[in-house]
Amino acid sequence: MKDVKQTCPMTREQIVGQYFLEHRARLLDIAAFLDRLDRAAASAAPDFRELALLEALRIVADGGPHRTARVLNLLSDLTTEMPQSAHGMKGALGAVKPAAGAAT
Amino acid sequence: MKYIDPHIHMVSRTTDDYQRMAQSGCIAVTEPAFWAGFDRSSAQGFHDYFRQLTEYEPRRASLFGIRHFTWLCINPKEADDPAFAREVVALIPEFLKCDTVLGIGEIGLNKNTKNELIILEEQIRLAEEHHQLILVHTPHLEDKRKGTRLIMDALSASRIDPGRILIDHVEEHTVADVLDRGFWAGMTLYPDTKMTPQRAADVIEMYGSERIWMNSAGDWGCSDPLAVPKARLEMRRRGHSLQLIDRVTLDNPRTFLSQSPKFRLDMEQ
C-alpha cells in the first residue's frame, strides 16, 4: 500500500483536539452494541457479522497503517466465483457469510 | 462558493432540496438512472422514468439556477433478467439525443452475477457505439472489492479510453486500483453505508486530487443532498486551500463532464 506519512495538514495535537469527542462517542456506541449483544438471549452460535466486527476491532487497535483499507478488505468477499443470478439476494450484509458447513 | 454534485438522484428529493442546494452554492447536478427501491414491472416504466430525467427534472432544477444533466441505463439491481434488461437498453438510443444526456450510467454490478455482467458488457458496447461517457456504480459493502475488479476488467476489454469513465462509490480498499488503471474515481458521501466527509478528505490527503470527485448520491434512502458542501467545510477545517477544495468539488467534475459536448455551464451565474 502507498506510503501516506505526513499527508494530513494538521498536527496530531490538532487532530485529537478537533475529533476526539466525536470518536469517543462512536467508540462508546460500539461498546454499547457489544454490551447489548451480551444482554440478549443467547443463540446457538455468534452471528458471522459479530465475529467479523470483533476481528475488525483487532485491526483497528494493532497500530499498523491503512487500518481502514484493511478492515474493508476483512469485510470483503475475496472469492472469484460468480453466481448466475442474484435471485433472492439483492441486498448486502456488510460482511461475508460463511458457506454452509464452513468453520467460522 | 460554487460546487457541482455530479451524482445525485433528484427524482427522489423534494423541491426544498433544490433550494437548499442552490443556497449552498450548487450550480449543477448530474443524475444517473438507478433503482427506485423496487423492481419496475415493465420497460414502459423505464420509458416514463427516462422522460422524467430528461424533461421534468431539468425544468425543476432550473427554477433554482441549477443545471441538471443525466445519465441513462438499466441499473445493475434490475439487470439480473437479461431479456427484460435488453428491452430497457433498447429504449436508450432515442434518449441519447436529448440535450442533457451525458452518457450511460450508473451501470455496474450489484451481486457480481453472470447475468449482471452480461448486461454490463452490453451497455459498455452501447456507450462505445454512441461515443458516450460512462458512470459506473460499484457494489456495496462486502461485494465492492470483487465487483470493482470485475467491472474494471470488463471496461478494460472495451476500446473506451479509461479517462472517459468514472468509477463511483470508491472506498479506501478500491480507490488506488481505480486510479492506477487510469479511470476517474468518485467518492460517495453517505451517512451509513458509504463514506463520510471526513474519510473523503482523508482519501484526498492520501491519494491526491487528480481524477477524483465527491458526490452525495442523495436518493430515497438515508442520505444528505448537502454532503458535498459539508465535505468542503471538513477540508476547510483541516486547513486545506480553497484551490484544492474547488478542484475536487468543482474543477474536476467540470473537467470530466466537459468531455461531453452537451455539458455547458454559465460560470457567471
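Residues numbered from 1 in each chain as written. Chains lettered and ligands numbered in written order. Predicted model: local features only at pLDDT ≥ 70, side-chain atom pairs only at ≥ 80, totals over all residues.

A. Region of interest: helix α8 (residues 197–207) of chain B. Residues and elements named next belong to chain B. Inspection of α8 places Pro 197, Ala 200, Ala 201, Val 203, Ile 204 and Tyr 207 among the buried residues, and these make up the whole buried set. The buried residues of α8 occupy one face: seen down the axis, they fall within an arc of 155°. Those residues of α8 that are buried lie in contact with α7 (175–180), β7 (184–188), β8 (212–215), α9 (227–237) and α10 (242–257). Directly after α8, the chain includes Gly 208, whose backbone phi takes a positive value near 85°. (Buried ≥ 20, exposed ≤ 12 C-beta atoms within 10 Å, placed from the backbone. Helix = DSSP H or I, 4+ residues; strand = E, 2+ residues; numbered from the N terminus. Arc of directions from axis to C-beta. Contact = placed C-beta atoms within 7 Å.)

B. Representation of the interface of chain B and chain A in the model. Each partner contributes residues to the interface: chain B has 29 residues there, and chain A has 28 residues. Every element with two or more residues in the side of chain B that touches chain A is listed here: α5 (114–129), α6 (144–156) and α8 of chain B. For the side of chain B that touches chain A, the per-class residue count stands at five nonpolar, eight polar and 16 charged. (Nonpolar A, V, L, I, M, F, W, Y, C, P; charged D, E, K, R; others polar.)

C. Fine view of the packing of helix α2 (residues 48–60) of chain A against helix α3 (residues 67–74) of chain A. All names here are of chain A. The N-to-C vectors of α2 and α3 enclose an angle of 160°; their axes lie 9 Å apart at closest approach. The angle between the axes of α2 and α3 places the two elements in the roughly antiparallel class. The two elements α2 and α3 cross, and the hand of that crossing is right-handed. Across the interface between the two elements, Ala 52, Glu 55, Ala 56, Ile 59 and Val 60 from α2 touch Arg 67, Arg 70, Val 71 and Leu 74 from α3. Here the contact of α2 with α3 is composed, by residue class, of six nonpolar, no polar and three charged. (Axes fitted to C-alpha atoms, helices over the stretch in contact; angles between N-to-C directions. Parallel < 35°, antiparallel > 145°, perpendicular 65-115°, else oblique. Left-handed = near helix turned anticlockwise from the far one by under 90°.)

D. The arrangement of the pairing of strand β4 (residues 101–108) of chain B in detail. All names here are of chain B. Judged by how many residues are buried, β4 sits mostly within the fold: eight of eight residues are covered. Bridging between β4 and strand β5 (residues 133–137) involves five bridges; their strand directions are parallel. The residue bridging Gly 103 from the neighbouring strand is Leu 133, located in β5. The parallel pair β4 and β5, bridged by α5, forms a crossover whose chirality is right-handed. (Pairing = 2+ DSSP bridges. Right-handed = clockwise from strand over helix to strand, strands pointing away.)

E. Quick look at α5 of chain B. All names here are of chain B. Under the 1.5 Å per step criterion, the end-to-end length of α5 is 23 Å for 16 residues, consistent within 8% with the ideal 22 Å. When we look at burial in α5, the residues that qualify are Asn 115, Glu 116, Leu 117, Ile 119, Leu 120, Gln 123, Ile 124, Leu 126 and Ala 127. Among the structural elements, α3 (82–89), α4 (92–95), β4, β5 and α6 are those in contact with the buried residues of α5. One or two steps after α5, the chain reaches His 131, where phi turns positive at roughly 50°. (Expected span 1.5 Å × (residues − 1).)

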